[in-house]
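# Architecture and fold: a report
Residue-level listing of the chains:
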Amino acid sequence: MTSVSSGGGLLRKEEESEAEVRREDQDNINKFARLNARLHEVRSEISILKSQLEGIDDASTELMMGSGDKVMLMMGEVFFEASEEDATEHCEEEVEKQQAMVDKLVEEEADILDAQAALKKVLYGRFGKSIQLEA
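Residues numbered from 1 in each chain as written. Predicted model: local features only at pLDDT ≥ 70, side-chain atom pairs only at ≥ 80, totals over all residues. Heavy atoms only, no water.

### Some details on the nonpolar core
Of all hydrophobic cores here, the largest spans 15 residues; its most connected members are Val-42, Leu-105, Ile-112, Leu-123, Ile-131 and Leu-133. Take this core: its biggest share by element is 7 residues, from helix H1 (residues 23-64). Not counting the four nearest positions on each side in its chain, Leu-105 is found in contact with Arg-38, Val-42, Glu-45, Ile-46 and Leu-49. Counting 6 residues, the second-largest nonpolar core is a separate cluster that includes Ile-56, Leu-73, Ala-82 and Cys-91. (Core = buried A, V, L, I, M, F, W, Y, C linked by side-chain atoms within 4.5 Å. Buried < 20%, exposed > 50% of the residue type's maximum accessible area, 1.4 Å probe, protein only. Helix = DSSP H or I, 4+ residues; strand = E, 2+ residues; numbered from the N terminus. Contact = heavy atoms within 4.5 Å.)

Now the structure itself:
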């Protein structure tokens with residue numbers, strides 16, 4: 001007898017696990033799923049922040065090539081006039097703030113991957129190839 005794994009492939013009889021799904025197993029499966037969802041969110045946030053950092057870097061480069069005049073600085077949805085020095089200082093502060101957020105998210109990503117690895121070890125140990133945990 002063969003059964004279908006959650007990955008859509010057929011399992012041979014020797015690959016099937018007759019292990020009953022206990023409450024603890026289901027909790028671990030649910031925790032893995034929540035971690036996987038958060039992992040995708042974190043990676044998306046990192047991508048967004050990195051693109052914002054590139055934009056700030058481009059703005060800093062433009063400021064360095066400026067002639068020392070007043071520039072229009074955008075804060076939120078509003079533009080206002082600022083000196084080149086103030087705009088450069090603002091860019092530097094934003095880079096520090098954004099980079100700190102990226103670093104925090106990268107650390108969270110590593111923690112999630114560690115937790116998922118531990119859960120995979122437990123779940124694959126119990127169910128073998130009968131469970132599909134890859135995203």
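### What about a nonpolar patch on the surface?
A cluster of nonpolar residues, Met-72, Met-74 and Phe-79, forms a patch on the protein surface that exposes about 340 Å² of accessible area. Looking at the element boundaries, Met-74 is found in strand E3 (residues 70-75). Taking the relative accessible area as the measure of exposure, Met-74 reaches 45% and is therefore partly exposed. (Patch = residues over 30% accessible without salt bridge, like charges linked within 9 Å, V, L, I, M, F, W, Y side chains within 5 Å. Areas by Shrake-Rupley, 256 points an atom, 1.4 Å probe, with all protein chains shown as cover. Salt bridge = Lys/Arg side-chain N within 4 Å of Asp/Glu carboxyl O.)

### Describing the packing of H1 against helix H2 (residues 84-127)
For any two helices packed against each other, the geometry comes down to the angle between their axes and how far apart the axes lie. In contact at an axis separation of 8 Å, H1 and H2 are set at 160° when each is read in the N-to-C sense. As far as their axial angle goes, H2 and H1 are roughly antiparallel. Crossing geometry of H1 relative to H2 is assigned as left-handed. Looking at side-chain class alone, the contact of H1 with H2 contains 25 nonpolar, 8 polar and 12 charged residues. (Axes fitted to C-alpha atoms, helices over the stretch in contact; angles between N-to-C directions. Parallel < 35°, antiparallel > 145°, perpendicular 65-115°, else oblique. Left-handed = near helix turned anticlockwise from the far one by under 90°. Nonpolar A, V, L, I, M, F, W, Y, C, P; charged D, E, K, R; others polar.)

### Considering the environment of Ile-131
By the element assignment, Ile-131 lies in the segment after H2. Its relative accessible area of 12% is what places Ile-131 among the buried residues. Sequence separation between Ile-131 and Ile-29 is 102 residues, and the spatial gap between their C-alpha atoms is 9.5 Å.

By themselves, these figures tell us nothing about what the structure is for.
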